Amino acid sequence: MDVKDRASERSVDTASQIMLREAERQGIDTAWDRLEAQQPQCGFGELGLCCRNCNMGPCRIDPFGEGPDQGVCGATADIIVARNLLRMIAAGAAAHSDHGRDITHALLLTAEGKSGGYEIKDTAKLNALAAEYGIDTEGRNKEEVAGDLARAAYAEFGNQEGPIRFTRRAPSKRVELWRKLGIDPRGVDREIVEAMHRTHIGVDNDYVNLILHGLRTALSDGWGGSTIATELSDVLFGTPKPIKSMANLGVLSSDKVNIIIHGHEPTLSEMIVAAADDADLIALAKEKGANGINIAGICCTGTEVLMRHGTPIAGNFLQQELAIITGAVEAMVVDVQCIMPALPDLAGCFHTKIISTSPKAKFPGATHIEFHEDKAFDIAKEIVKAAVENYPARNAAKVKIPDEKMECMVGFSVEAIVNALGGSLDPLLDAIKSGAVKGVVGIVGCNNPKIQHDYAHLNLVKELIKNDVLVINTGCNAIACAKAGLLLPEAADQAGDGLKAVCRSLGIPPVLHMGSCVDISRILTACAAIANALGVDISDLPVAGAAPEWMSEKAVSIGTYVVASGIYTVLGAVPPVLGSANVTALLTEGAEDLIGAKFAVEVDPFKAAKLILDHIMAKREALGI
Ligand code: CUV
Ligand code: SF4
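Bear in mind that the values here come from a model prediction, so they are computed numbers and not experimental data.

### Describing the pattern of salt bridges
Thought 1: All told, the structure shown has 45 salt bridges when counted by the stated rule.
Thought 2: The closest approach of N and O atoms between E191 and R216, which form a salt bridge, is 3.5 Å. You can see E191 sitting in helix 9 (residues 188–198) and its partner R216 sitting in helix 10 (residues 207–237), a full 25 residues away along the chain.
Thought 3: Residue E191 is classed as buried on the basis of its relative accessible area, which comes to 0%.

### Quick notes on the site of ligand 2
Thought 1: Contacts to ligand 2 come from 13 residues, most closely from C51, C54, G57, C59 and C73.
Thought 2: Per-class residue counts for the shell around ligand 2 are nine nonpolar, three polar and one charged.
Thought 3: Counting contributing residues per domain, the shell around ligand 2 is built from domain 1 (3–60) and domain 2 (77–237), each supplying no fewer than three.

### Focus on the domain arrangement of the protein
Thought 1: Segmentation of the protein into domains returns domain 1 (3–60), domain 2 (77–237), domain 3 (249–398) and domain 4 (416–623).
Thought 2: A straight line from the C-alpha centre of domain 1 to that of domain 3 covers 26 Å.
Thought 3: Across the boundary between the two partners, domain 1 contributes 14 residues, which contact 11 residues of domain 3.
Thought 4: Summed over the three residues of domain 1 that lose the most area to domain 3, namely M19, I28 and W32, the buried surface amounts to 45% of that side.
Thought 5: Our count for the contact surface shared by domain 1 and domain 3 stands at one salt bridge.
Thought 6: The salt bridge partner of E321 is R34, with a shortest N-O separation of 3.0 Å.
Thought 7: Counting the contacts that link domain 1 with domain 3 gives four residue pairs in polar contact (both at pLDDT 80 or more).
Thought 8: When residues of the side of domain 1 that touches domain 3 are traced back to their parent elements, those giving at least two are helix 2 (14–26) and helix 3 (31–37).
Thought 9: If you tally residues by element for the side of domain 1 that touches domain 3, the top one is helix 2, at seven residues.
Thought 10: Tallied by class, residues from the side of domain 1 that touches domain 3 come to seven nonpolar, three polar and four charged.

### Let's talk about helix 2
Thought 1: With 13 residues, helix 2 extends 18 Å between its outermost C-alpha atoms, agreeing within 8% with the 18 Å of an ideal straight helix rising 1.5 Å per residue.
Thought 2: If you check which residues of helix 2 are buried, you get A15, S16, Q17, M19, L20, E22 and A23.
Thought 3: Just downstream of helix 2 lies G27, where phi reads positive at about 70°.

### Quick look at the sheet that holds strand 16 (residues 599–601)
Thought 1: In spatial order, the strands read 13-12-11-14-15-16; together these six strands make up an open sheet with parallel pairing. Either end of the sheet is taken by a strand with one partner, and the two such strands are strand 13 (511–515) and strand 16. Looking at each pair of strands side by side, their axes are set apart by 25° on average, direction ignored.
Thought 2: Here strand 11 (residues 439–443) pairs with strand 12 (residues 469–474) via five bridges, running parallel. Bridge pairing in strand 12 links G442 to I472.
Thought 3: The strands touched by helix 20 (residues 475–483) within the sheet are strand 11, strand 12 and strand 13, with strand 12 carrying the most contacts at an inclination of about 115°.

### What to know about the packing of helix 19 (residues 455–466) against helix 25 (residues 605–623)
Thought 1: The N-to-C vectors of helix 19 and helix 25 enclose an angle of 40°; their axes lie 8 Å apart at closest approach. Relative to helix 25, the element helix 19 lies oblique. Helix 19 and helix 25 meet at a crossing whose hand is right-handed. Between helix 19 and helix 25, the residues in contact are Y455, A456, N459, L460, E463 and L464 and P605, F606, A608, A609, I612 and L613, respectively.
Thought 2: Taken together, the residues of the contact of helix 19 with helix 25 sort by class into 10 nonpolar, one polar and one charged.

### Brief notes about the site of ligand 1
Thought 1: By nearness alone, every residue bordering ligand 1 is listed as H264, C299, C300, F317, C338, G445, C446, C476, C517, M551, S552 and K554.
Thought 2: Taken together, the residues of the shell around ligand 1 break down into eight nonpolar, three polar and one charged.
Thought 3: Counting the residues that make up the shell around ligand 1, at least three belong to each of domain 3 (249–398) and domain 4 (416–623).

### Side note on the environment of H200
Thought 1: Positionally, H200 belongs in the loop between helix 9 and helix 10.
Thought 2: By relative accessible area, which is 43% here, H200 ends up partly exposed.
Thought 3: Separated by 147 residues in sequence, H200 and N53 have C-alpha atoms that sit 6.3 Å apart.
Thought 4: Beyond its immediate chain neighbours, meaning those up to four positions away, H200 contacts R83 and R87.

About the criteria used
Residues numbered from 1 in each chain as written. Chains lettered and ligands numbered in written order. Predicted model: local features only at pLDDT ≥ 70, side-chain atom pairs only at ≥ 80, totals over all residues. Heavy atoms only, no water. Salt bridge = Lys/Arg side-chain N within 4 Å of Asp/Glu carboxyl O. Helix = DSSP H or I, 4+ residues; strand = E, 2+ residues; numbered from the N terminus. Buried < 20%, exposed > 50% of the residue type's maximum accessible area, 1.4 Å probe, protein only. Near = heavy atom within 4 Å. Nonpolar A, V, L, I, M, F, W, Y, C, P; charged D, E, K, R; others polar. Domains from an automatic or database assignment. Contact = heavy atoms within 4.5 Å. Buried area = accessible area lost by both parts, 1.4 Å probe. Polar contact = N/O pair within 3.5 Å; in protein donor to acceptor, adjacent residues only side chain to side chain. Expected span 1.5 Å × (residues − 1). Pairing = 2+ DSSP bridges. Axes fitted to C-alpha atoms, helices over the stretch in contact; angles between N-to-C directions. Parallel < 35°, antiparallel > 145°, perpendicular 65-115°, else oblique. Left-handed = near helix turned anticlockwise from the far one by under 90°.

Put into structure tokens, the structure is as follows:
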């Protein structure tokens, strides 16, 4: 196969195709090549049938019924598959929630006057959250209130009993159902510890009981750790409002110092963006022959500063390696999550410095400049300085920046959506009732080289808006849509007549960018508000979720809390559960009776759109609209 064909088979994104051809020309391997080298991937793993939970194993179950049907301890396919899934949920919930905890810590330091440069940016949100937590605001300054809020949220991570605050945004019917099933979540730390306990050899051996705890653990992430991450980030950095920016690798500059921020926690990216404005550092950049400092993001941390500052976004998950191959990146600054361990070796082929910053995430071969919130701005300046000083090492002959970038409009927090609607959700509810908007679908999640890059994301989104479904999105789906021009009011031209008219009258895109992965909490909050306004449960709404190209354990936690919240969810990549017919049936059928929503798996985005549209029409009919 020639080089051109391979690149266009791997991605639908022109900028990525250009860089994939460049990688091939230079003999550089990327995730796509490493996926090929992994073929055939382990069939037991694919089905979820291998267990390493004790040292009598590893054990595996023969899916064809010819080999053993139990592990050494007697664990069956049902037990092994359910335990493995629960561990994936626990890991994903841990990632989101540890992020939330770090934000809480930063808010606490800021409230106590001990942070290195943060300030409380959104007092209105602070007061609204304080009211939710029953914290007194009368006659107190914002630091006092924020201190109490941060301490209350901090304590909830380890909440042994009782509800966690933000779960009570959900309709009372939903909360009742969680209680009845015994899955109303406690603190996320407790749920994760219990998940690890239950999956230890010889503890929980009932697949239904295991999966139920999976729902509870995921709920403690979605309505707990993730919502805390979102809400406290808004207090500290400002609640996003619609703002325009640019997306794709073409945002890299040919004559400025390019710094890419990649990872997740805005505590770091906010400060890097601020430090890049520092007059001394800009002067230093000029002294080194550059025309200034250009910051661009990858993945979720890029999204955080994209929606709050309009910082351009260079790409989504599968573009992290491609960005380095442009030869134009002085530093890629990383913190935690979704950062490929392949980066330092790859950067070694160029002048790019990989700068790791988190004590939790070190990368052999990277430069480690440890970031601490109490000295945030000073450390950020040190990091930016290291990047600037690397500019003279750039080899102009190796620079190849694809001339591809697209304008986008981002930052539709729930508050911003309500604002765009003129102060209440009513115009959206009316549009849904009249059928101008058939329903609302949240499309989220990663890229996965098993699926042509961005293909499933874009086609599912286009198919839905064409059928008058309003799409809200986060994470790597949002970045895919940004690059394709779908996050612009003009994209309403691609929508059906009903949605087109609504978008035109409000001046909004048919695809609303709600933020990073932890901001799927915004989608939960929006669904809860809509359900409460209509006096129904979330599971009654004409809404759905989808993760067309997911890969991370975080996505498993997300999908699970979305379903546990009553939202039908279609996955575009097959999760490792097919080894158990019982677990598969529970997730894709039985869950409906249990919690009013279920999973579906559909790799083809056009068929996935059809499943979602059928679901939405059925929900509309049941509501009598
Ligand atoms: Ni947190 S989890 S690849 S960056 S959406 Fe993107 Fe989003 Fe998945 Fe990671
Ligand atoms: Fe094997 Fe059971 Fe140990 Fe798993 S827990 S490795 S199935 S003996």
